[in-house]
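Coordinate inspection notes
Now for the letters of each chain:
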Amino acid sequence: MGNYGQIDCAVAPQATMKSDMTTVALDDSKALRRAFGRFGTGVTVITTQSDDGPLGMTANSFSSVSLEPPLVLWSAALRSKRHDVFVKAEHFCIHILGEDQQDLANHFATQGHDFDICDWAQGPGGAPQLAGCLAAFHCRAHAVHPAGDHSVILGEVIQAAECPGQGAGLLFDKGRFGRFSPKP
Ligand SMILES: Cc1cc2nc3c(=O)[nH]c(=O)nc-3n(C[C@H](O)[C@H](O)[C@H](O)COP(=O)(O)O)c2cc1C
């Protein structure tokens, strides 16, 4: 027999771990959603052009992925009426909302086709760019990955814009909107 060496294990046995956490049953989707919701995020509105005109959707699943090439992702729920349009879209635009844009977030969470709520203009590829947001990323569809009850949509950023100044983002934590307060 050869000498396969020794593997050091730094993981403490679960039984002896002291914790004031409550176990979340993975088949309890309400509890699991609540636990996932402990991860505070920013808030985006994602827009695209559809056969029925411009379409928008509020999403907090956005994440930047890569600088070279510039890639971002977000995930769309299969159950959303807007899912299929976004999955098939060749272009979309991701807007980072500022702390004063909760109304916009609520608007595009409840419906998708009414763009009278703000000024907008068509960007490269046709996706609407909304005025007054902290940043906007125009994307070309890069990949779509099926992921359980969501589709993960990756976009390659083809044009980016940022609002000048120190404006802070709208935040979402435990199902509530809020704002960032920096530590002194
Ligand atoms: C803060 C916030 C974040 C959301 N994030 C997502 C998301 O990342 N993905 C998603 O599919 N829906 C997300 N939603 C839900 C959609 O905005 C929208 O409410 C949902 O698609 C409504 O279903 P419908 O498209 O069938 O009308 C979010 C809603 C809110 C208020």
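Residues numbered from 1 in each chain as written. Predicted model: local features only at pLDDT ≥ 70, side-chain atom pairs only at ≥ 80, totals over all residues.

**So, the overall build of the protein**
In plain terms, the rule: The helix and strand labels rest on DSSP assignments: H or I over at least four residues marks a helix, E over at least two residues marks a strand, and numbering proceeds from the N terminus. It is over C-alpha atoms that the radius of gyration is taken, and the globule rule equals 2.2 Å times the number of residues to the power 0.38. Comment: burial labels come from other C-beta atoms within 10 Å of the residue's own C-beta, placed from the backbone, where a count of 20 or more is buried, 12 or fewer is exposed, and between is partly exposed.
When you go through the protein residue by residue, the secondary structure sums to 3 helices and 12 strands. Taken against the 2.2 N^0.38 rule, which gives 16 Å for 184 residues, the C-alpha radius of gyration of the protein at 20 Å runs more than 25% over that of a compact globule. Its C-alpha atoms give the protein principal-axis dimensions of about 70 × 45 × 35 Å. Counting every position in the protein, which comprises 184 residues, the buried fraction comes to 24%.

**What to know about the sheet that holds strand S2 (residues 44-50)**
Hydrogen bonds between backbone atoms are what pair the strands of a sheet, whose relative direction is either parallel or antiparallel. Quick note on the threshold: Two strands form a pair only when DSSP identifies at least two bridges running between them. For every element, the axis is a line fit to its C-alpha atoms; helices are fit only across the contacting stretch, and the angle between N-to-C directions ranges from 0 to 180 degrees. Residue pairs qualify as contacts under a 7 Å threshold applied to their C-beta atoms, which are placed from the backbone.
Ordered in space as S3-S2-S6-S9-S10-S5-S4, the 7 strands form an open sheet in which the pairing is antiparallel. The open sheet has two free edges, formed respectively by strand S3 (53-59) and strand S4 (63-66), since each of these has just one partner strand. If you compare each strand with its neighbour and ignore which way they point, the axes differ by 35° on average. Where strand S5 (residues 71-77) and strand S10 (residues 150-162) come together, 7 bridges link them in antiparallel fashion. Within S10, the residue paired with Trp74 across the bridge is Ile153. Strands S2 and S3 of the sheet are contacted by helix H3 (residues 102-110), whose axis makes an angle of about 115° with S3.

**Let's talk about the site of the ligand**
For clarity, the threshold we go by: Placing the C-beta atom from the backbone, one calls a residue near a molecule or strand if that atom lies within 6 Å of it.
For the ligand, the set of nearby residues contains 16 residues, the closest of which are Ala59, Ser61, Ala77, Ser80 and Lys81. No other element matches S5, which puts 4 residues into the shell around the ligand.

**Digging into unusual backbone geometry**
Note the cis peptide between Glu68 and Pro69, where omega equals 0°. Relative to the helices and strands, Pro69 is located in the loop between S4 and S5. Here the phi dihedral of Lys174 falls at roughly 50°; this positive angle occurs in a residue that is not glycine. Residue classification places Lys174 among the exposed residues on the basis of 10 C-beta atoms within 10 Å.

**Details of the sheet that holds strand S1 (residues 41-42)**
The strand order across the open sheet formed by 3 strands is S1-S11-S12, and the pairing between neighbours is antiparallel. Each edge of the open sheet carries a strand with a single partner, namely S1 and strand S12 (176-179). As judged from the 2 bridges shared by S1 and strand S11 (residues 170-173), these two strands associate in the antiparallel manner. In the sheet register, Gly42 faces S11, and the bridge partner there is Leu171.

**Some details on the pairing of S10**
Relative to S10, strand S9 (residues 135-147) is paired through 12 bridges, and the arrangement is antiparallel. Pairing of Ala135 across the sheet is with Glu162, part of S10. Connecting S9 to the next strand, S10, in antiparallel fashion are 2 residues, including Gly148 with a positive phi near 60°.

**Some details on the environment of Ser66**
Tracing the chain through its elements places Ser66 in strand S4. Assessed through the 13 C-beta atoms surrounding it within 10 Å, Ser66 is described here as partly exposed. Distance in space between the C-alpha atoms of Ser66 and Ser19 is 36 Å, their sequence separation being 47 residues.

**Considering the nonpolar core**
Soluble, globular proteins show a tendency: their nonpolar side chains are buried together. Using the following cut-off: In these notes, a nonpolar core means any group of buried Ala, Val, Leu, Ile, Met, Phe, Trp, Tyr and Cys residues linked to one another through C-beta atoms within 7 Å.
In this structure, Ile46, Phe92, Cys93, Ile94 and Leu97 are the most contacted members of the largest nonpolar core, which totals 29 residues. When contributions to this core are tallied by element, the ones reaching two or more residues are S2, S3, S5, strand S6 (91-96), H3, S9, S10 and S11. Beyond its immediate chain neighbours, meaning those up to four positions away, Ile46 contacts Gly56, Met57, Ala59, Trp74, Phe86, Phe92, Cys93 and Ile94.

**Observations regarding the pairing of S11**
Of the two faces of S11, the one holding Leu170 and Phe172 is buried and the one holding Leu171 and Asp173 is not buried anywhere. Across 4 bridges, S11 lies against S12 in antiparallel orientation. Bridge assignment links Asp173 to a residue of S12, and that residue is Arg176. Turn length for the S11-S12 hairpin, with the two strands adjacent in sequence and antiparallel, is 2 residues, and the turn residue Lys174 shows positive phi of about 50°.

Geometric descriptors of this kind do not, in isolation, establish any biological role.
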